[in-house]
Number of protein chains: 4
Amino acid sequence: MQLGLVGLGRMGGFMAKRLLHHGHTVIGMARHDSTVQGALQEGAITQGTTSLADLVAQLDAPRAIWLMVPAASVDATLADLVPLLAQDDVVIDGGNSYYHDDIRRAAELKQKGIHYLDVGTSGGVWGLDRGYCLMIGGETEVVGRLSSIFEALAPGVDATSRTPGREKVGGTAEKGYLYCGPTGAGHFVKMVHNGIEYGIMAAYAEGLNVLHHANIGKDQQQVDAETAPLSNPQYYQYDLNLADVAEVWRRGSVIGSWLLDLTASALLKDPALSQFEGRVSDSGEGRWTIHASIDEGVPAYVLAAALYERFASRGEADFANKLMSAMRLEFGGHLEKVEEGS
Amino acid sequence: MQLGLVGLGRMGGFMAKRLLHHGHTVIGMARHDSTVQGALQEGAITQGTTSLADLVAQLDAPRAIWLMVPAASVDATLADLVPLLAQDDVVIDGGNSYYHDDIRRAAELKQKGIHYLDVGTSGGVWGLDRGYCLMIGGETEVVGRLSSIFEALAPGVDATSRTPGREKVGGTAEKGYLYCGPTGAGHFVKMVHNGIEYGIMAAYAEGLNVLHHANIGKDQQQVDAETAPLSNPQYYQYDLNLADVAEVWRRGSVIGSWLLDLTASALLKDPALSQFEGRVSDSGEGRWTIHASIDEGVPAYVLAAALYERFASRGEADFANKLMSAMRLEFGGHLEKVEEGS
Amino acid sequence: MQLGLVGLGRMGGFMAKRLLHHGHTVIGMARHDSTVQGALQEGAITQGTTSLADLVAQLDAPRAIWLMVPAASVDATLADLVPLLAQDDVVIDGGNSYYHDDIRRAAELKQKGIHYLDVGTSGGVWGLDRGYCLMIGGETEVVGRLSSIFEALAPGVDATSRTPGREKVGGTAEKGYLYCGPTGAGHFVKMVHNGIEYGIMAAYAEGLNVLHHANIGKDQQQVDAETAPLSNPQYYQYDLNLADVAEVWRRGSVIGSWLLDLTASALLKDPALSQFEGRVSDSGEGRWTIHASIDEGVPAYVLAAALYERFASRGEADFANKLMSAMRLEFGGHLEKVEEGS
Amino acid sequence: MQLGLVGLGRMGGFMAKRLLHHGHTVIGMARHDSTVQGALQEGAITQGTTSLADLVAQLDAPRAIWLMVPAASVDATLADLVPLLAQDDVVIDGGNSYYHDDIRRAAELKQKGIHYLDVGTSGGVWGLDRGYCLMIGGETEVVGRLSSIFEALAPGVDATSRTPGREKVGGTAEKGYLYCGPTGAGHFVKMVHNGIEYGIMAAYAEGLNVLHHANIGKDQQQVDAETAPLSNPQYYQYDLNLADVAEVWRRGSVIGSWLLDLTASALLKDPALSQFEGRVSDSGEGRWTIHASIDEGVPAYVLAAALYERFASRGEADFANKLMSAMRLEFGGHLEKVEEGS
């Protein structure tokens, strides 16, 4: 079928290409003509334009227009787009919007007879080949209208082994796309997905960091009041090859995962990870997951800690740390790097 | 080759069977004759006995004897076994021993000319088919002697896709077994593996719990001073099908993993998980991972929280919770279930 | 001066009494006549009524009316009260409102020429004697108008020792009340105050729980694969008297505090804390502190964990815990209470 | 009475002085003669020496010798000291030793008829005036022998208000010293005391850091995919005076404490804390508290997070952070500082 696609960046461009491979027609729109031309040359889109009006004009009614733009730009894009649309058109937000915004937007668009779907999309730069995992919220009828698009984007049943018993239950979940519920449900599920992602990434990172320091017993230890002594240096004498460790875990172990595959790949390229400073970004969904856990009154220790580790990696704990050093100076006369003489 | 195997439980029995399938000879030993007979009938072992002396007698020198017994029983087993062994024999501890114990045991056995390998073994009840992930510590020469055993137990390269660039590096890691370093290194790596496992499990569990409570806005809210009000019930109106959510994440998403496969399977069988009380055991390696992180001075917020969640699930926070209620009564006159009127 | 006070519960009643002791006139209002009569008999208020209209009528313009009602009731109270007020009157919210609500309300009242102050009030049931710690947000001029009220409610400089150098700086902070900034600043500071309170309470509770279990080595240990063995029972043989421990820390130690005083008192009354179930309430401000930390991108591991411990104490981790047991069954064949055989 | 004191540093010197003020005789020993001379000039000790043999010679049997040296130096000191001692002498370790070491040392000394007390000592540089909080382990008879020393060092009942009901119970706890139990109990209680201290310090530091960033809404926000947008900058417009905030909390609030007093003092001196880098030391007892919590199977989320924050403040999370950035590059093509495009 025919789809309008706003945003031809990393995610949007690859999604377009996958849709074309599956026989769909994609009219692409991006702000910069160079992006549009690039997408055309790569065979990612059927036609392209830098104008929303032009995009709308090229689509048959009722239109389906998929937004693949930064969460912070969705409202601005809608402000320009919606006046161009007609009743029964559908706007799909495939980015990382906060589901609160979905609820607000769907209500606004509904007043004009325009439909809104929120589609959490996971897959990163690999989705072109692996397919995208799609978590969908909105009106069921409208979701049904787009099922061939979802089918094309999603990985399909064969992408992994079948869950025992799933054959009796059916549904689209095992194809890689899921209608989760009314407006916002798609981004809600995607939000928690990313919250979990942060937790899993932190679990690997912390564990591998423990392995990375397994040779600390080889260092000379200071014997003064200022350093917590390593009481048993003989237990920390291992120089571990982390690329090999990540690799061996990929087969047969309980912690095999796609994130581990990527970790093994990254460590193989450069075991010292020297290209990174260790300032880890976060994009909002991990934050909103914690907001939701708190609103619901549900503990999420691991997910919150994983998020906070990202904040701390960017220096945001500095003032707190200075305060702790200041307290130590006050009660114990400790200059920084001195004993807890309390 | 020929291997003696002490312990024919869930793990040991399946490992024996996999070895036989690969053409090895396994002399099995278990304390109860019924266990031995069962293993023989299942074709898991070549021969069986309930006597360590008998086991040793049936093996050609230099012997290789693999222990697959609870960590708490290894020392008792060694006390009985070692006097029966001869110089250059090898004992392999394939269980979940603390690597400190490995270091002590290897030193003791070395005095008698007996070798000791520590082999962290992951794979659970699935290892028979999937193969076992093996993390090995000890003397390299002795490890080499057993390579055909490791090769048979491990999943093999084909068990998953190849890491790009791995073809140039080689090594056994991509076969699913790895020589990690001197004595203790195998169990050290396995220890951290389990620490990570706890973290990943908690990440999924917490996230799915947030999804589980996504309909909390449908509940009537109490309007009194005693309950933190849910300010925006309209945002928590989703009845999510968690079996479907776990399933859809299995394909194309960033958080696909084997633990997710199992979670999808468990939720499909019983979305309410009604057979469980939620008292989560831990077996030691998660604890030791935290010990190591502290000895090394390396933060492991997520791994520690995941471990503590298990403790708390078993009621071990109760006294602390009572203390907090007691403080609230003291400062605010709050009976339990009342407002933080500080 | 003359003050109208809405809400004569635990907090409101004691505050009124303290104001009267300092020579102020308090017209009290409560919904139930029995509450009003009780307050009159206790000498807590000058006059009382069950009618807001009556309250307003008895006050000289420009009026100052202090609300001491549950956070969830403030908007309803304002809906009834505001139509009765005249330009230049002041409403003070002394409860635990979310500062977002302060900002909205102040803007609404400003349109009618009515002033709004947010005053975070700490002190619990002890404030009558100890005085109340007041954190104030709003227009500086209006704050100034009420300074004699704040002065009466606050503990005064003599309530504790003077911070060295404070004599040169001056200000009201050392009297126990502080103008924090524009609307919302008072409740923002009070919000974080309560977030810290949760963290401190959890620190004591966790630590005392570790002391409470210091005799765990006296228990028989199970030697099976299902229980992480206590490797060194000889280190956990202490039967500690926690009431004495809390008491001894009250003098000379680094961790002396008012919360510790209360803890010592509670433990002295009943070391087993048998009147408590350990279901710990939270009233909103701890939650909002975490929201703020996330909006700001600032790590707050301890404050978040402390909040989550309260959620978990009320059973809200149950589903997550069941999921972890379910995963363990899937990968290791573990029934609940069995070994981590991964 | 007469006491030998080994170690005349910050802690030891002040303790000696306090003992002299209370009429005791203190023979001090330090390695450097300048330290000894300084202590003599300050009137901290009665006599002084740089020789352990000399110290022992000057004391009447049965001797009481208090060690106030870094935990890492205690064994070396004992190795030199013990051969000089006679049966029934007492050695007191007043530093921050691990209680495991106490148990070992007491057993070793017992074989020679020498007694050993472990005395956890809190008070920092303030103890000279405030008195020291003493947590004592060992043989009750020997503890009794030293009660006048403990009485002199401890703050005494009048140091704070009396816990209601304490007058009926009695005991020394309210004087500021406590016999906690057999060998190791004193340092066990002190260990947990410090664990709690870390938690409380972190609670204040995190909360004040949230206040410190309360003006983040005044910053320009980037609108791109790389930054989690601050959705409501209007809520973060407060420039708070943290010295005043800490000060106001000192009176009447629930979170008043001695650590808050010190925090208020530090912030008054320099609100920017510019003399600190924020590298926070830890001295062992916080670590051991976590070890104990894990051995006991008791959750200590807050105490562990507080400890890990110190590790992270010293850069020990760097490798983990690089790993997370590496994973993000792998799955999403994100260079550092880019969107979570999963």
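Criteria and cut-off values
- Residues numbered from 1 in each chain as written.
- Chains lettered and ligands numbered in written order.
- Predicted model: local features only at pLDDT ≥ 70, side-chain atom pairs only at ≥ 80, totals over all residues.
- Heavy atoms only, no water.
- Helix = DSSP H or I, 4+ residues; strand = E, 2+ residues; numbered from the N terminus.
- Buried < 20%, exposed > 50% of the residue type's maximum accessible area, 1.4 Å probe, protein only.
- Contact = heavy atoms within 4.5 Å.
- Areas by Shrake-Rupley, 256 points an atom, 1.4 Å probe, with all protein chains shown as cover.
- Lys, Arg positive; Asp, Glu negative; His and termini not counted.
- Charge placed at Lys NZ, Arg CZ, Asp CG, Glu CD.
- Buried area = accessible area lost by both parts, 1.4 Å probe.
- Salt bridge = Lys/Arg side-chain N within 4 Å of Asp/Glu carboxyl O.
- Polar contact = N/O pair within 3.5 Å; in protein donor to acceptor, adjacent residues only side chain to side chain.
- Pairing = 2+ DSSP bridges.
- Axes fitted to C-alpha atoms, helices over the stretch in contact; angles between N-to-C directions.
- pLDDT = per-residue confidence, 0-100.
- Least-squares fit on C-alpha atoms with pLDDT ≥ 70 in both.
- 1 Å grid on protein atoms, 1.4 Å probe; cavity = no way out; pocket = protein on both sides within 12 Å on 5 of 7 lines; lining within 4 Å.
- Points joined across faces, edges and corners; volume = space filled by probe spheres on them.
- Nonpolar A, V, L, I, M, F, W, Y, C, P; charged D, E, K, R; others polar.
- Expected span 1.5 Å × (residues − 1).

(A) Examining the overall build of chain A more closely. Along chain A, the regular secondary structure elements total 15 helices and eight strands. Taken along its principal axes, the extent of the C-alpha atoms in chain A is 80 × 45 × 45 Å. Counting the 342 residues in chain A, one finds 64% classified as buried. A sequence separation of at least 24 residues applies to 63% of the contacts in chain A between residues at least 6 apart. Split by element, the accessible area of chain A, about 11000 Å² in all, is 49% carbon and sulfur. If you average the places of the 27 positive and of the 42 negative side-chain charges in chain A, the two averages end up 4 Å apart.

(B) Examining the interface of chain B and chain A more closely. At the junction of the two partners, chain B supplies 93 residues and chain A supplies 93 residues. With both sides pooled, the region where chain B packs onto chain A buries about 7800 Å², and carbon together with sulfur makes up 68% of that total. Contact with chain A buries area across many residues of chain B, yet Tyr238, Arg251 and Val254 of chain B alone supply 10% of it, more than any other trio. A salt bridge links aspartate 244 of chain A to arginine 166 of chain B; the shortest N-O distance between them is 2.9 Å. Where chain B touches chain A, the interface holds 41 residue pairs in polar contact (both at pLDDT 80 or more).

(C) View of the sheet that holds strand 6 (residues 115-122) of chain C. All names here are of chain C. Taken together, eight strands build an open sheet; the order of strands is 3-2-1-4-5-6-7-8 and the sheet is mixed. Strand pairing shows two members of the sheet lacking a second neighbour, strand 3 (47-49) and strand 8 (177-181), which therefore form its edges. In this sheet, adjacent strand axes meet at a mean angle of 25° when their direction is disregarded. Direction of pairing for strand 6 relative to strand 7 (residues 133-137): antiparallel, over a ladder of five bridges. Residue pairing in the sheet places valine 119 in a bridge with isoleucine 136 of strand 7.

(D) Highlighting the confidence of the model for chain A. Residue and element names in this part refer to chain A. Within chain A, residue pLDDT values average 94, and 95% of them lie at 70 or more. Considering only residues more than four positions removed or in separate chains, one finds that residues 338-342, a stretch of pLDDT under 50, has 34 contacts. Listed scores for the predicted complex are pTM 0.95 and ipTM 0.95.

(E) Here's a closer look at the relation of the copies chain B and chain A. Overlaying chain B with chain A gives an RMSD of 0.0 Å, the required rotation being 180° about an axis along which the chain moves by 0.0 Å. Such a combination of rotation and displacement between the chain copies is what one expects of a two-fold axis. Distance from the rotation axis, computed per C-alpha, reaches its smallest value in chain B at serine 257 of chain B: 1.9 Å. When the interface residues of chain B are mapped onto chain A, 100% of them again fall at the interface, so both copies present the same face.

(F) Quick look at unusual backbone geometry. In this structure, the amide linkage connecting alanine 61 of chain B to the following residue, proline 62 of chain B, adopts the cis form with an omega of -10°. For aspartate 88 of chain C, which is not a glycine, the phi torsion comes out positive at approximately 80°. Mapping aspartate 88 of chain C onto the fold places it in the loop between helix 4 (74-81) and strand 5 (90-93). A positive phi angle, close to 50°, is found at leucine 273 of chain D, a residue other than glycine. Mapped onto the secondary structure, leucine 273 of chain D falls in the loop between helix 12 (258-269) and helix 13 (285-296).

(G) The arrangement of the sheet that holds strand 8 (residues 177-181) of chain B in detail. Residues and elements named next belong to chain B. Pairing is mixed across the open sheet formed by eight strands, whose spatial order is 3-2-1-4-5-6-7-8. A strand with exactly one partner marks an edge of an open sheet, and here the two such strands are strand 3 (47-49) and strand 8. Averaged over all pairs of adjacent strands, the angle between strand axes in this sheet comes to 25°, irrespective of strand direction. Helix-sheet contacts for helix 5 (residues 99-110) involve strand 5 (90-93) and strand 6 (115-122), and the interaxial angle to strand 6 is about 150°. Helix 10 (residues 185-212) contacts strand 5, strand 6, strand 7 (133-137) and strand 8 of the sheet and is inclined by roughly 20° relative to strand 6.

(H) Molecular detail of empty space enclosed by the protein. A full pass over the atoms with the stated rule returns two cavities of 30 Å³ or more. Size it by volume and the largest cavity reaches roughly 140 Å³. In this structure, the largest cavity is lined by 16 residues; those nearest its centre are Ala305 of chain A, Tyr301 and Ala305 of chain B together with Tyr301 and Ala305 of chain D. Classifying every residue of the lining of the largest cavity gives 16 nonpolar, no polar and no charged.

(I) Inspection of the interface of chain B and chain D at higher detail. Counting residues at the interface gives 23 residues for chain B, matched by 23 residues for chain D. In total, chain B and chain D occlude about 2000 Å² of area from one another, counting both sides; carbon and sulfur atoms represent 69% of this. Here chain B and chain D share zero salt bridges between them. Within the residue set of the side of chain B that touches chain D, elements represented by two or more residues are helix 13 (285-296) and helix 14 (301-313) of chain B. The biggest single contributor to the side of chain B that touches chain D is helix 14 of chain B, with eight residues. Grouping the amino acids of the side of chain B that touches chain D by side-chain chemistry returns 15 nonpolar, four polar and four charged.

(J) Structural context of helix 5 (residues 99-110) of chain C. Residue and element names in this part refer to chain C. End to end, helix 5 covers 16 Å across 12 residues, agreeing with the expected 16 Å (1.5 Å per residue, within 8%). Among the residues of helix 5, those classed as buried are Tyr99, His100, Asp102, Arg105, Ala106 and Leu109. If you follow the buried residues of helix 5, they end up packed against helix 4, strand 5, strand 6 and helix 10 (185-212).

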